[in-house]
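Examination of the molecular architecture
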Amino acid sequence: MSAAQTPRRRSARDRLLETADRLFYDEGIHNVGIDRVLAQSGVAKGSLYYNFSGKDELVRTYLHNRHARWAARIDEELAAAAGPSAKILAVFDALAELFAEPGFRGCTFINAAAEAQPGSAEEQATKDFRTWLHELFGTFVTEAGYPDKLAAQLVMLYDGANISAQLDHNPGVAGAARDAAADLLDTAQAATRRPRPPSRRASD
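Residues numbered from 1 in each chain as written. Predicted model: local features only at pLDDT ≥ 70, side-chain atom pairs only at ≥ 80, totals over all residues. Heavy atoms only, no water.

1. Considerations on the overall build of the protein chain
Of regular secondary structure, the protein chain possesses nine helices and zero strands. Start at the N end of the protein chain and walk to the C end: the helices and strands fall as α-α-α-α-α-α-α-α-α. For a compact globule of 204 residues, the expected C-alpha radius of gyration is about 17 Å, and the protein chain comes in at 22 Å, more than 25% above that figure. Its C-alpha atoms give the protein chain principal-axis dimensions of roughly 90 × 45 × 35 Å. Counting over 204 residues, the protein chain shows a buried share of 40%. Look at the contacts in the protein chain between residues 6 or more apart in sequence, and 68% of them connect residues 24 or more apart. Taking the average location of the 24 positive side-chain charges in the protein chain and that of its 27 negative ones, the two points are 2 Å from each other. (Helix = DSSP H or I, 4+ residues; strand = E, 2+ residues; numbered from the N terminus. Rg over C-alpha atoms; globule rule 2.2 N^0.38 Å. Buried < 20%, exposed > 50% of the residue type's maximum accessible area, 1.4 Å probe, protein only. Contact = heavy atoms within 4.5 Å. Lys, Arg positive; Asp, Glu negative; His and termini not counted. Charge placed at Lys NZ, Arg CZ, Asp CG, Glu CD.)

2. Considering the pattern of salt bridges
Using the criterion set out here, one finds eight salt bridges in the structure. Of the charged contacts in the structure, one is a salt bridge between Arg-10 and Glu-18, with a shortest N-O distance of 2.5 Å. One salt bridge in this structure joins Asp-35 and Lys-45, with 3.9 Å as the shortest N-O distance. Pair noted here: Asp-35 is in helix α2 (residues 34-41) and Lys-45 is in helix α3 (residues 45-51), with a separation of ten residues, a long-range link. The class for Asp-35 is exposed, based on a relative accessible area of 53%. Lys-45 sits in the partly exposed class, given a relative accessible area of 46%. (Salt bridge = Lys/Arg side-chain N within 4 Å of Asp/Glu carboxyl O.)

3. A look at the domain arrangement of the protein chain
Its domain assignment divides the protein chain into domain 1 (10-52) and domain 2 (62-193). If you look at the interface, domain 1 gives ten residues, while domain 2 gives 14 residues. For the pair domain 1 and domain 2, the summed buried surface comes to about 990 Å²; carbon and sulfur atoms form 50% of the total. Inspection of the domain 1/domain 2 interface yields two salt bridges. Measuring nitrogen to oxygen at the nearest pair gives 2.8 Å for the salt bridge that ties Arg-66 to Asp-21. (Domains from an automatic or database assignment. Buried area = accessible area lost by both parts, 1.4 Å probe.)

4. Structural notes on unusual backbone geometry
The phi dihedral of His-169 falls on the positive side, at around 55°, and the residue is not glycine. Among the secondary structure elements, His-169 is positioned in the loop between α8 (149-168) and α9 (173-193).

5. Some remarks on the layout of surface pockets
The space that makes up the largest pocket amounts to roughly 370 Å³. What lines the largest pocket is a set of 20 residues, among which Tyr-25, Arg-66, Trp-70, Leu-98 and Thr-108 lie closest to the centre. When contributions to the lining of the largest pocket are tallied by element, the ones reaching two or more residues are α1 (12-27), α4 (55-79), α5 (84-99), α6 (108-115) and α8. When grouped by side-chain class, the residues that make up the lining of the largest pocket number nine nonpolar, four polar and seven charged. Here the lining of the largest pocket spans two domains, and each of domain 1 (10-52) and domain 2 (62-193) adds at least three residues to it. (1 Å grid on protein atoms, 1.4 Å probe; cavity = no way out; pocket = protein on both sides within 12 Å on 5 of 7 lines; lining within 4 Å. Points joined across faces, edges and corners; volume = space filled by probe spheres on them. Nonpolar A, V, L, I, M, F, W, Y, C, P; charged D, E, K, R; others polar.)

6. As for the packing of α4 against helix α7 (residues 121-144)
For any two helices packed against each other, the geometry is given by the interaxial angle and the distance between the axes. Direction vectors running N to C along α4 and α7 enclose 15°, while the axes themselves pass 9 Å from each other. The orientation of α4 relative to α7 falls into the category roughly parallel. Considering only the axes of α4 and α7, their crossing is right-handed. Contacts between α4 and α7 pair Asp-56, Val-59, Arg-60, Leu-63, His-67, Trp-70, Ala-71, Ile-74 and Leu-78 from the former with Ala-121, Glu-122, Ala-125, Asp-128, Phe-129, Trp-132, Leu-136 and Phe-140 from the latter. Along the lines of polarity and charge, the residues of the contact of α4 with α7 split into twelve nonpolar, one polar and four charged. (Axes fitted to C-alpha atoms, helices over the stretch in contact; angles between N-to-C directions. Parallel < 35°, antiparallel > 145°, perpendicular 65-115°, else oblique. Left-handed = near helix turned anticlockwise from the far one by under 90°.)

As structure tokens, this is what we get:
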């Protein structure tokens, strides 16, 4: 095999991130020591500190990458949806695909929040993800002219579906959450079409 045909060895950084992603998600961030990440990635400790300042930065990058991958996956679903209502439901379609994956262990950020200490990488990454999630639904709700409170209700459905899928091992809850979201949208649409009562005239 020529040099040009030799598969390129993954970098130490890539191996660290791949191993950390698997272990942190499957077993929990605090349950996995840095020595296990090093042993399973086949990376020397010196290479860890060359690429990351320590475990905190590795955790921060792991969560950042998880957020970026999920946002990209949502964008793929949204690309095929026409209109804000369809885009809202597309988010729940993405959840259905996620829950059906054999390796699903719950929402990365709900899990990370359960372990987070004040000021930790987990706390900040979770805060960033939650801001993104609320803004995602909030944008579609605003575009459709629905009441602002609908965004919070949709986030609650999203969270409930994640928790139920994890605890009950039931990927079908994504469909139930989608149906509930569709009912909320129908109610909001009906409310926006309902004529307003005439205003009362001030008495003379």
